[in-house]
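What the coordinates show
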Amino acid sequence: MKHFINLKDISASDLRKILKDAKKRKKNRKKFNTMKVDKDNPLNGKLIIQMFEKASSRTRLSFYIAVKQLGGETITIKANELHLGKGGESLADTAKILSTYGDAFLLRTDSDKKIDDFRKNLTIPIVNLLSPSSHPCQVLSDIFTIEEIKKKPVSKLNICWIGDSNNVLNSLIATSVKFRFNLNIGCPRNYRPQKFVLSWVKKNKRKINIFDDPKKAVKNADVLLSDKVVSLNDKVNKKKKIKDFKNYQINLNLMKYAKKDAIFLHCLPRGNEVSDDIFLGKYSRVWQQALNRVDVQKSILLYCFGKLR
Ligand code: CP
Ligand code: NVA
């Protein structure tokens, strides 16, 4: 049994195995309807429990479909309906109950500590569906999408992030170390990645390139990514932050600095960090990106159950 919490704690070869499995599975069900179960039915009889302490559209739906395609069952519970928290039940007791009824626990939360506490108390795998420090399912799936579209290993591409230093960027940085690709980041000086993230990169003998000038960051990019300037867990002065990022919008003018065949990805939901003509235009692959989450998350679950082929 394995957990899937943070990409930096998973080996590059395991991450590559997940991507390979996802590619094979996606190919094998090309003509299947959405809810048709994969031939090998690998999660037959298993119950996957999802819990969201904050909003989600894509993660919730894509995991629902992923579990169904693997032949399992899934139930989604809301944090405020549990005894945990307000009802006074301890996390350890809740974890024991989840492990008694369920076969895996998927959690979106505002607390990295809570994920870690569950990890210590569960006897079933836990998957991080987004925490303040990372969004591993999203970013591993994005690597899959990049390689699918570019038909090249990500190590041969220039990846560029324009925007806030948040959970999604932390996971992207982790993959840049694991898969050894060139990562340029364009953001205002006060919003650079946190020190502990940068020192982890250094400890792993890798480098990421950070620019104040977004044009320099975008130069020669094969892929541009961004995310909302104000994240769900941000307790900042929103107006000020949005103003600070006003010169960092991905629009047709900035896109000119990327390679001609560059693509644009965004995890959604979106804000002003991208113009409509980019988000809805010819460079954008955001819908394919969202759909691929189903395929990659299936293989993430199989990794947790030791069932990767
Ligand atoms: N990209 C993403 O995780 O979307 P949701 O917040 O809708 O799940
Ligand atoms: N950085 C965003 C990602 C949403 C999918 C957030 O944490 O709200």
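Shown above is the structure to which this text applies.
Quick caveat: nothing in here was measured; it's all calculated off a predicted structure.

A closer look at the overall build of the chain
Within the chain, the secondary structure is distributed over 12 helices and 9 strands. The contacts in the chain between residues at least 6 apart in sequence include a share of 73% that link residues at least 24 apart. If you sum the accessible surface of the chain, you get close to 14,900 Å²; carbon and sulfur atoms cover 51% of it. Side-chain charges in the chain split into 63 positive and 30 negative, and the spacing between the mean points of these groups amounts to 6 Å.

Here's the deal with the pairing of strand β1 (residues 47–52)
Across the 6 residues of β1, 5 count as buried, placing the element largely inside the fold. Sheet topology note: the β1/strand β2 (residues 73–78) ladder contains 6 bridges and is parallel. Bridge pairing in β2 places isoleucine 49 opposite isoleucine 75. Once you follow β1 into helix α2 (residues 58–69) and on to β2, the crossover reads as right-handed.

Notes on the nonpolar core
Formed by 78 residues in total, the largest nonpolar core has its most connected members in Phe4, Val127, Leu140, Ile159, Leu172, Leu224 and Phe264. With residues near it in sequence (within four places) discarded, leucine 140 still touches Phe4, Leu7, Leu15, Ile18, Leu19, Phe179, Val296 and Ile300. Ile5, Ile49, Ile77 and Ala95 belong to the second largest nonpolar core, which has 15 residues in total.

Some words on the site of ligand 1
In the vicinity of ligand 1, the contacting residues are Ser56, Ser57, Arg58, Thr59, Arg108, His135, Gln138, Cys267, Leu268 and Arg293. Within the side chain of arginine 108, a nitrogen or oxygen atom sits 2.8 Å from an oxygen atom of ligand 1. When ligand 1 is considered free in solution it has 250 Å² of accessible area, and contact with the protein chains removes 95% of it. When its residues are assigned to classes, the shell around ligand 1 shows 2 nonpolar, 5 polar and 3 charged.

A word on a positive patch on the surface
Residues Lys23, Lys27, Lys30 and Lys31 make up a contiguous surface patch of positive charge. As for its position among the elements, lysine 27 is in helix α1 (residues 12–28). Of the residues examined, lysine 27 reaches a relative accessible area of 62% and is grouped as exposed.

Looking at the site of ligand 2
Taken together, the neighbourhood of ligand 2 is formed by Leu130, His135, Asn166, Asn167, Asp227, Ser231, Leu232 and Leu268. One of the side-chain N or O atoms of asparagine 166 is found 3.3 Å from a nitrogen atom in ligand 2. Measuring from a nitrogen atom of ligand 2, one finds a side-chain N or O atom of aspartate 227 at 2.6 Å. Burial of ligand 2 by the protein amounts to 95% of the accessible area it has alone, namely 270 Å². Of the residues assigned to the shell around ligand 2, the class counts are 3 nonpolar, 4 polar and 1 charged.

Some details on the pattern of salt bridges
Per the stated rule, a full pass over the model turns up 25 salt bridges. For aspartate 212, the salt bridge is made with arginine 189, and the minimal N-O distance between the two is 3.0 Å. Taken together, the residues span a long stretch of sequence, with aspartate 212 in the loop between β7 (209–211) and α8 (214–218) and arginine 189 in the loop between β6 (182–186) and α7 (195–203) at a distance of 23 residues. Look at aspartate 212 and you get partly exposed, because its relative accessible area is 32%. For arginine 189, a relative accessible area of 55% translates into the label exposed.

Observations regarding the environment of isoleucine 65
With respect to the secondary-structure elements, isoleucine 65 resides in helix α2. Remark: the alpha-carbon pair of isoleucine 65 and serine 199, spanning 134 residues in sequence, is separated by 38 Å. Those residues in contact with isoleucine 65 that lie beyond four places of it in its chain are Thr34, Met35 and Val294.

Section: the sheet that holds strand β9 (residues 263–266)
Within the open sheet, the 5 strands sit side by side as β7-β6-β5-β8-β9. Their pairing is parallel. Each edge of the open sheet carries a strand with a single partner, namely β7 and β9. Taken over all neighbouring pairs, the strand axes of this sheet differ in orientation by 20 degrees on average, direction set aside. Relative to strand β8 (residues 223–226), strand β5 (residues 158–162) runs parallel, the two sharing 3 bridges. Considered in β8, the bridge of isoleucine 159 is made with valine 223.

Considering the sheet that holds β2
Strand order in the open sheet made by the 4 strands is β2-β1-β3-β4, with parallel pairing throughout. Both edges of this open sheet fall to β2 and β4 (126–128), since each of them pairs with a single strand only. Strand-to-strand twist across the sheet, computed as the mean angle between neighbouring axes with direction ignored, equals 20 degrees. Sheet strands touched by helix α4 (residues 112–121): β3 (104–108) and β4. Its angle to β4, the strand with the most contacts, is close to 165 degrees.

Definitions and limits used
- Residues numbered from 1 in each chain as written.
- Chains lettered and ligands numbered in written order.
- Predicted model: local features only at pLDDT ≥ 70, side-chain atom pairs only at ≥ 80, totals over all residues.
- Heavy atoms only, no water.
- Helix = DSSP H or I, 4+ residues; strand = E, 2+ residues; numbered from the N terminus.
- Contact = heavy atoms within 4.5 Å.
- Areas by Shrake-Rupley, 256 points an atom, 1.4 Å probe, with all protein chains shown as cover.
- Lys, Arg positive; Asp, Glu negative; His and termini not counted.
- Charge placed at Lys NZ, Arg CZ, Asp CG, Glu CD.
- Buried < 20%, exposed > 50% of the residue type's maximum accessible area, 1.4 Å probe, protein only.
- Pairing = 2+ DSSP bridges.
- Right-handed = clockwise from strand over helix to strand, strands pointing away.
- Core = buried A, V, L, I, M, F, W, Y, C linked by side-chain atoms within 4.5 Å.
- Near = heavy atom within 4 Å.
- Polar contact = N/O pair within 3.5 Å; in protein donor to acceptor, adjacent residues only side chain to side chain.
- Nonpolar A, V, L, I, M, F, W, Y, C, P; charged D, E, K, R; others polar.
- Patch = residues over 30% accessible without salt bridge, like charges linked within 9 Å, V, L, I, M, F, W, Y side chains within 5 Å.
- Salt bridge = Lys/Arg side-chain N within 4 Å of Asp/Glu carboxyl O.
- Axes fitted to C-alpha atoms, helices over the stretch in contact; angles between N-to-C directions.

Function cannot be read off these values alone, since they describe shape.
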